[in-house]
Amino acid sequence: MNVKKDDYTDNAGIMLDQKKIDSRIFYRTIKKLTDKLLSALALIILSPVLLIVSVLIKREDDGPVFYVQQRIGRNGKILKMYKFRSMVVDADKKIDKLESKNEIDGAMFKIRNDPRVTHIGQIIRKYSLDELPQLINVLRGDMALVGPRPPLEREVKNYTKYDLQRLMVTPGCTGLWQVTKRNSVGFHEMVQLDIKYIQKSSLLFDLEILFKTVKIMIKPNDAY
């Protein structure tokens, strides 16, 4: 299976069937077991990297190493998502002053050269190392390795019925959006990619996205 960048952006208007998604018990069971096994192995193999990043974050400003944020998961379930802290300690309190600089249309906030990002934060974001603690979320069963990114509650409040389809499956650490367009697209195109992933999801497709994610971590594709 070959993922091409422009193959998954033509599905505007597609409405998914929740019952059909929920009926895929075999796929969801094998996916969950595989995710737990792979995430456990990854945490062991990457433990030296996790330790080095933790030390660098702590040395920069002596703030907490991890950032725990409340996100919305499958069917609206609230989860606590773990990340390496890449911003200043009081970053959440400064977001209101930066709303006017948002570079992505729709229910999502993202700006290039965000002044809240620390020096080490710029590096770990570029190579997606800040996302590694989410392997803990996968072990807990809150997230999958592959799936739509879990949104913030304030973002979901602005979702349309079409956008809410992103929440029909367990959210993931990486997904179709991350391995194709990344930050070069707006919110609505990201939703289209997520819905296309849900529609075409399979164990082989998940594996392909994981391989492409590793490749992108080594050679970043416009991450910020």
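Everything below is about the structure printed above this text.
Residues numbered from 1 in each chain as written. Predicted model: local features only at pLDDT ≥ 70, side-chain atom pairs only at ≥ 80, totals over all residues. Heavy atoms only, no water.

1. Thoughts on the packing of aromatic side chains
This model, assessed by the stated rule, comprises three aromatic pairs. With a centroid separation of 6.0 Å and 35° between ring planes, the pair formed by Tyr 197 and Phe 205 is classed as tilted. Assessed through its relative accessible area of 4%, Tyr 197 is described here as buried. On the basis of relative accessible area, Phe 205 is assigned to the buried category, the value being 0%. The ring of Tyr 27 carries Arg 24 above its face, with NZ or CZ at 4.3 Å from the centroid. (Phe/Tyr/Trp six-rings, centres within 6.5 Å; stacked < 30°, edge-to-face > 60°. Buried < 20%, exposed > 50% of the residue type's maximum accessible area, 1.4 Å probe, protein only. Lys NZ or Arg CZ within 6 Å of the ring centre and 35° of its normal.)

2. Some words on the pairing of strand β1 (residues 66-72)
Across seven bridges, β1 lies against strand β2 (residues 78-84) in antiparallel orientation. Note that in β2 the partner of Phe 66 across the bridge is Phe 84. Counted between consecutive antiparallel strands, the loop separating β1 from β2 contains five residues, among which Asn 75 sits at a positive phi close to 55°. (Pairing = 2+ DSSP bridges. Helix = DSSP H or I, 4+ residues; strand = E, 2+ residues; numbered from the N terminus.)

3. Overview of helix α3 (residues 47-61)
Compared with the 21 Å implied by 1.5 Å per residue over 15 residues, the 22 Å span of α3 between its first and last C-alpha is a close match. Within α3 the residues assigned to the buried category are Leu 50, Val 53, Ser 54 and Ile 57. Seen end-on, α3 carries its buried residues on one side only, within an arc spanning 105°. Among the exposed residues of α3, those pointing more than 90 degrees away from its buried face are Leu 51, Ile 52 and Arg 59. Of the residues flanking the end of α3, it is Asp 62, one or two places downstream, whose phi is positive at about 60°. (Expected span 1.5 Å × (residues − 1). Arc of directions from axis to C-beta.)

4. Some details on the nonpolar core
If you look at soluble globular proteins, the nonpolar side chains tend to sit buried side by side. Ile 57, Phe 84, Ile 124, Leu 176, Tyr 197 and Ile 209 are the most contacted members of the largest nonpolar core, which has 43 residues in total. Mapped by element, the contributors of at least two residues to this core are α2 (25-45), α3, β2, α4 (119-126), α5 (134-140), β3 (144-146), α7 (187-200) and α8 (203-218). Discounting chain neighbours no more than four positions away, the residues touching Tyr 197 are Tyr 27, Lys 31, Val 146, Gly 147, Pro 148, Leu 176, Phe 205, Asp 206 and Ile 209. (Core = buried A, V, L, I, M, F, W, Y, C linked by side-chain atoms within 4.5 Å. Contact = heavy atoms within 4.5 Å.)

5. As for empty space enclosed by the protein
Here the structure, examined in full by the defined rule, presents one cavity of 30 Å³ or more. What lines the largest cavity is Ile 72, Gly 73, Arg 74, Pro 148, Arg 149, Pro 150, Pro 151, Arg 166, Leu 167, Val 169 and Pro 171. A class-by-class count of the residues in the lining of the largest cavity yields seven nonpolar, one polar and three charged. (1 Å grid on protein atoms, 1.4 Å probe; cavity = no way out; pocket = protein on both sides within 12 Å on 5 of 7 lines; lining within 4 Å. Points joined across faces, edges and corners; volume = space filled by probe spheres on them. Nonpolar A, V, L, I, M, F, W, Y, C, P; charged D, E, K, R; others polar.)

6. Some remarks on the side chain of Lys 83
With respect to the helices, strands and loops of the structure, Lys 83 is situated in strand β2. Beyond its immediate stretch of four places on either side in the chain, Lys 83 contacts Val 65, Phe 66, Tyr 67, Asp 130, Glu 131, Pro 133 and Gln 134.

7. Concerning the layout of surface pockets
Taken as a whole, the second largest pocket holds about 670 Å³ of empty space. For the second largest pocket, the lining is made up of 32 residues, of which Arg 28, Lys 31, Arg 74, Val 169 and Thr 170 are closest to its centre. For the lining of the second largest pocket, the elements supplying multiple residues, two or more each, are α1 (18-22), α2, α5, β3 and α7. Sort the elements by how many residues they give to the lining of the second largest pocket and α2 lands first, with seven residues. Class assignment for the residues of the lining of the second largest pocket results in 13 nonpolar, seven polar and 12 charged.

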